[in-house]
Amino acid sequence: MSEIDIELRVLGTPEEMRDVVRLQELAWPGIHAVPQHQLMIAAKSGGLVIGAYHAGAMIGFAYGFLGFHQINDQEARLKHCSHMLAVHPEYQNQGVGLDLKHAQAQLIRRQNLELATWTFDPLESRNGY
């Protein structure tokens, strides 16, 4: 549980997705952010975009989309591909990312998905923690 009072919510509006794009650009300067329209399509097609808010401002997000995992040569099942999580630099190391991951896991379970995958930079051990 985070050390500050936050609100977590599933996102779906163009304005919310613009805030996600801005936070991506703040968290990873110089990257090509996942664009607003792609976030919208993912959110409307079974993916998840979750926002963390403090005092009405977005301070973090988690983003993932549906994909497939192979069971065997003839069978594949849906899975959640957790793609990004970012927390505003001023709010890092306060449990916001952990709260976002817990919310994401809870929502994935509600979708009856049996698998979620994600990657992280092994040189950033706190991301794996």
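The sections below set out a description of the structure shown in this document.

Rules used in this analysis
Residues numbered from 1 in each chain as written. Predicted model: local features only at pLDDT ≥ 70, side-chain atom pairs only at ≥ 80, totals over all residues. Heavy atoms only, no water. Helix = DSSP H or I, 4+ residues; strand = E, 2+ residues; numbered from the N terminus. Rg over C-alpha atoms; globule rule 2.2 N^0.38 Å. Buried < 20%, exposed > 50% of the residue type's maximum accessible area, 1.4 Å probe, protein only. Contact = heavy atoms within 4.5 Å. Lys, Arg positive; Asp, Glu negative; His and termini not counted. Charge placed at Lys NZ, Arg CZ, Asp CG, Glu CD. Core = buried A, V, L, I, M, F, W, Y, C linked by side-chain atoms within 4.5 Å.

1. Some thoughts on the overall build of the protein
Move 1: Helix and strand counts for the protein stand at four helices and five strands.
Move 2: Listing each helix as α and each strand as β along the protein from the N terminus yields β-α-α-β-β-β-α-β-α.
Move 3: A compact globule built from 129 residues would reach a C-alpha radius of gyration of about 14 Å, and the protein, at 15 Å, matches this within 12%.
Move 4: When the backbone C-alpha atoms are referred to their principal axes, the protein occupies close to 50 × 30 × 30 Å.
Move 5: Among the 129 residues that make up the protein, the fraction classed as buried is 38%.
Move 6: Restricting to contacts in the protein with at least 6 residues of sequence separation, those with at least 24 account for 59%.
Move 7: Looking at the protein, you have 10 positive and 14 negative side-chain charges, and the mean spots of the two groups are 5 Å apart.

2. Let's talk about unusual backbone geometry
Move 1: Residues other than glycine seldom take positive phi values, yet asparagine 93 does so here, at roughly 65 degrees.
Move 2: Here asparagine 93 lies in the loop between strand E4 (75-87) and helix H3 (96-110).
Move 3: In this model, asparagine 112 sits at a positive phi of 60 degrees, which is unusual for a non-glycine residue.
Move 4: Tracing the backbone shows asparagine 112 in the loop between H3 and strand E5 (116-118).

3. Things to note about the nonpolar core
Move 1: In this structure, Leu11, Val20, Leu39, Val49, Phe61 and Tyr63 are the most contacted members of the largest nonpolar core, which totals 17 residues.
Move 2: At the level of elements, helix H1 (14-27), helix H2 (36-44), strand E2 (48-54), strand E3 (57-72) and E4 are the ones that each hand at least two residues to this core.
Move 3: Take this core: its biggest share by element is four residues, from H1.
Move 4: In this view, valine 20 contacts Leu11, Leu39, Val49, Met58 and Phe61; residues no more than four positions away in its chain are not counted.

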